[in-house]
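# A look at the structure
Each chain is listed here by its residues.
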Amino acid sequence: MVESDAFVVPGWTVNAVVDAPGQRRISADQAVEQREDKAEAALLLIDPLRAGAGLDGIYSAGREISETELFGEALRLARRPFFGRMPVLDAAITRAERLGRRRRLTPWSKFDFYVNAKQNAGRALARLGLWPIASDDDPSTSELDLSAELADRLLYVSDTRAIAERVHGLRLEGSAEKAAQLEQALRLVSGMSPEEAARHIEHQPELWLGPIQPGFASEELRRIQLAPWRDARGGILKWSGLNKPEGDGLTPRLILDRSAPTKNRAKLTIRWTTDPEDLVAGDIDYRVSVIAGEDVLADRIVHHRDC
């Protein structure tokens, strides 16, 4: 951020205080010298982990602006141009925070998204780790869902299948050439974090949603019916992996004994049926999550198969 030519405060010098000097970067000693020389007004972005000691005089002589205060005001200003459009942008952030168990995005990620969304919201989704969308308008709710689903399948570690399998599972509409392009792009970003990978896809508009059309999105899954863990008399079914409630309690128990032999360890089993019943194997993936409050304790991707 500090190296950007656009980061200018008129009448002020701007530098980051870090461990080694560089372009718009100074050391703690240089910052102290600057203060003692009483030079022109200065904005110092101090990295407390890399700046080192000796900055007490800087802190006492200037006004300290915390990261929370700085980004609070920055986000307020960045959101201002989107009056009337914020629900869709907030929805994008909500979906991004659900990916990869991140729970919360950094203030910088949100700021970067808002600033870029002013020009093109569909493209700016990549700044959140979502899959970019080719559109001149704000994404719809269904497009955001598809963007998150595509990012989850292709960029995040929840799906451990080979790249070719994951791309095949998208059932891309159109030529095989598009699938080959997508495979190649995913191989190039395979060692990157999902956020970095999304930024690379941002520069390949031929692979955005729109130019590529996943066929799985048109599959008509109308309903999922969970199989009960109890029989007609209210007893706990053995296949569930659950145990009877203690005393007069109504809640069944899952007993996890790590010292037990592997074959005897309890496994929580979930079964369901779909409507329609004749879905094609590989067309739909299910995410099964164990959640306590806002924490995702465990999750797993289950691929639909013919039974």
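Below is a summary of the structure that appears in this document. What you are looking at is a predicted structure, and each value in this text was computed from that prediction instead of being measured.

The strand order 2-1-3 describes an open sheet built from 3 strands, whose pairing is parallel. In this open sheet, the two strands that pair with only one neighbour each are strand 2 (25–26) and strand 3 (42–46). Inspection of the sheet shows strand 1 (residues 13–17) paired to strand 3 by 5 bridges, in the parallel sense. Note that in strand 3 the partner of Val 17 across the bridge is Ile 46.

To continue, consider the packing of helix 4 (residues 86–98) against helix 7 (residues 141–154). Across the interface, helix 4 lies against helix 7 with an axial gap of 10 Å and an inter-helix angle of 20°. Taken together, the axes of helix 4 and helix 7 lie roughly parallel to each other. The crossing of helix 4 and helix 7 is right-handed. Judged by residue contacts, Val 88, Ala 91, Ala 92 and Arg 95 of helix 4 engage Thr 141, Leu 144, Asp 145 and Ala 148 from helix 7.

A word on a nonpolar patch on the surface. Together, Ile 224, Leu 226, Trp 229, Leu 254, Leu 256, Leu 268 and Ile 270 make up a nonpolar patch on the protein surface, roughly 620 Å² of accessible area in all. Tracing the backbone shows Ile 224 in strand 4 (residues 223–226). By relative accessible area, Ile 224 is classed as partly exposed at 38%.

About the criteria used
Residues numbered from 1 in each chain as written. Predicted model: local features only at pLDDT ≥ 70, side-chain atom pairs only at ≥ 80, totals over all residues. Heavy atoms only, no water. Pairing = 2+ DSSP bridges. Helix = DSSP H or I, 4+ residues; strand = E, 2+ residues; numbered from the N terminus. Axes fitted to C-alpha atoms, helices over the stretch in contact; angles between N-to-C directions. Parallel < 35°, antiparallel > 145°, perpendicular 65-115°, else oblique. Left-handed = near helix turned anticlockwise from the far one by under 90°. Contact = heavy atoms within 4.5 Å. Patch = residues over 30% accessible without salt bridge, like charges linked within 9 Å, V, L, I, M, F, W, Y side chains within 5 Å. Areas by Shrake-Rupley, 256 points an atom, 1.4 Å probe, with all protein chains shown as cover. Salt bridge = Lys/Arg side-chain N within 4 Å of Asp/Glu carboxyl O. Buried < 20%, exposed > 50% of the residue type's maximum accessible area, 1.4 Å probe, protein only.

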